[in-house]
Amino acid sequence: FLLLDQWRPDWDGQHKTTRTGPLPLNMPFLDEMRRRGTQFTQAYVPSPFCGPSRACLAFGKEYDATGVMDNKRWSLDHTQWTTVYKLLRDEADYHTMSCGKDDFYEWDYNFPKYANNPHNMPLMDLGFADAIRSDGKVRVAKDADELFKDEAYRTHLNSITVKKDDGTDINARQAYKGCMIGKGVPDGCDATSFQNEIYPDDFVRDKAIELLNRKPKEGRKGGKPWFMQVNFPGPHPPIVSTSRMAASVMERQWPDPINNPGFMRCPQQTHKFKLSNRGQILPPQIDGRCNYAAELENLDALMHSIVNHVQEMGELDNTIVIVAGDHGENLGDNGASGKGMPWHAAVSTPLFIMGPGVRHGRVHEGPVSTLDLGGTWLDYAGVNTLAPEMTTASLRSILSLDMSIPRRPHVSSGYLDWRTVIKEMPTSPEDPTPTSYKLICAKSPKGMKGAPKTATPYPAGAPWHIMLYDVMRDPDDLEPLDQLRPDVIAELLPLLPEGWCR
């Protein structure tokens, strides 16, 4: 399971154009995933925020059922809960592995993210048999070593010396700080000091291969069955490219955000080249849609190298490969960047699945939930009994076209001040063509952050506000239907959580 952080649904290499222009993104590995497997064009996350989305996946529960409402630490109650990883390990006898920025509870029994536990937090069994856990981009740069001892990526950076453009030596973490947050040694961030050898996504790829190389070979015929979750920190901000990555995208024109022309323009197309001891060379670059693309193209190559390693091990023909994001990224549309919003760019993500029994070259256009990836793993592993209150289902009926396997009739998502439900329905009583309607309930104006100018305004003093969109005909949420289709609203309202717009 290759999991990207903050991955916008239409920036997947398959969408060649957007509302504001062509999208020249090259992702050959995902092209191969689509040819050899199934692509989902409406994959929704249970919550468009890192911690909540991943907690839903781990516990197999919807957003409101987990109690993980934002990125703050999981509560003490969660330490007693069962995860899908634990079921895979203990019930299906899988060797479960994880590496990278997982956003899970820090103090696992066997694989705590940090060597120290200053607040004596209770330990939890996340369900992994092996893991190399690391922090996200900003925490690695900002947090002090003495407070977060032996976190894998910090330790790696602190152990390496790199050279600057002028030939002087510098600690790799100082170069990393300079590029990621503008701190560290003065002028520590340059084309020579900050290369892919110390880049966070490349580090996670290396750890994934390390886990694969040390997994046990004993067990069932062909070796012990295994599961691995690879948690890449990119393309989550800070959006930073090494010199090579930045140069690879600077000659292409990238589409502007919707209703926000000129925002997030490519910085390397306006900045001058920087002189170095190797001649003229582009320094690392930060921000801009082009550097978001550079991160994605680098991630595409890293994912391919992991899957290629599985193939070299002789195990790819018996392996299900899943690529998805934990949530999307608004990327400047309608003046808003980031996540946590109910708009399609934030609440949806790319999803590709290939492997034995998965239909080749199929595109599934109906709504699905990434919450059901856990149920899909358990289904393939032969685990028939879920933990109490788990509601994760299986996508296997879609992957194999076996309609005897039940699937959820609608999908849900939410974050703090809003909830949404998406359901495939006939377009209208007169038109039976299937489409997907999305109903949004906002309980305050905060729930409408990043709303398009065409959205109906939040009524002053109202306890909530309802919005409706046809996702298939209007994926950019620009044509509200809440005043036009009361019949659809009436059908979707009962599917919202209790207390939301009803």
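In what follows, the structure referred to is the one given above.
What counts, and at which threshold
Residues numbered from 1 in each chain as written. Predicted model: local features only at pLDDT ≥ 70, side-chain atom pairs only at ≥ 80, totals over all residues. Heavy atoms only, no water. Helix = DSSP H or I, 4+ residues; strand = E, 2+ residues; numbered from the N terminus. Buried < 20%, exposed > 50% of the residue type's maximum accessible area, 1.4 Å probe, protein only. Contact = heavy atoms within 4.5 Å. Arc of directions from axis to C-beta. Phe/Tyr/Trp six-rings, centres within 6.5 Å; stacked < 30°, edge-to-face > 60°. Lys NZ or Arg CZ within 6 Å of the ring centre and 35° of its normal. Pairing = 2+ DSSP bridges. Axes fitted to C-alpha atoms, helices over the stretch in contact; angles between N-to-C directions. Parallel < 35°, antiparallel > 145°, perpendicular 65-115°, else oblique. Nonpolar A, V, L, I, M, F, W, Y, C, P; charged D, E, K, R; others polar.

1. Quick word on the environment of S397
(1) Moving on: If you trace the backbone, S397 turns up in helix α13 (residues 396-400).
(2) Moving on: Judged by its relative accessible area of 0%, S397 falls in the buried class.
(3) Moving on: As a C-alpha pair, S397 and V358 span 39 residues in sequence and 9.8 Å in three-dimensional space.
(4) Moving on: With sequence-adjacent residues up to four places away left out, S397 is seen in contact with D402, M403, I405 and R407.

2. Details of helix α1 (residues 28-36)
(1) Moving on: All of the buried residues in α1 are F29, L30 and M33. Along the axis of α1, the buried residues cluster in a sector spanning 95°; they form a single face. For α1, exposure combined with an orientation more than 90 degrees from the buried face picks out P28 and R35.
(2) Moving on: Buried residues along α1 sit in contact with β1 (2-4), β4 (37-44), α10 (289-312), β14 (321-325) and β15 (348-354).

3. Some details on the packing of aromatic side chains
(1) Moving on: Within the structure shown, the criterion is met by 18 aromatic pairs.
(2) Moving on: Taken together, the aromatic side chains of F1, Y85, F104, F128, F227 and W377 make up a single cluster linked through ring pairs.
(3) Moving on: One Lys or Arg, R396, reaches over the ring of Y380 and ends 4.2 Å from the middle of that ring.
(4) Moving on: The ring of W500 is capped by K443, whose NZ or CZ atom sits 4.4 Å from the centre of that ring.

4. Some remarks on the pairing of β15
One face of the sheet, then the other: side chains in a regular strand alternate in exactly this way.
(1) Moving on: By the criterion of burial, β15 is predominantly enclosed, with seven of the seven residues buried.
(2) Moving on: Strand direction decides the pairing type here: β4 and β15, joined by six bridges, are antiparallel. Looking at β15, one finds that Q39 is bridged to F352.
(3) Moving on: As paired strands, β14 and β15 are joined by four bridges and run antiparallel to one another. Note on β15: the bridge partner recorded for V323 is F352.

5. A word on the packing of α1 against α10
Each pair of packed helices can be described by the angle between their axes along with the distance between the axes.
(1) Moving on: Closest axis-to-axis distance for the α1/α10 pair is 7 Å, and the angle between their directions is 55°. On the basis of their axis angle, the class for α1 and α10 is oblique. Touching P28, F29, L30 and E32 of α1 are D300, M303, H304 and V307, all from α10.
(2) Moving on: Considered class by class, the residues forming the contact of α1 with α10 number five nonpolar, one polar and two charged.

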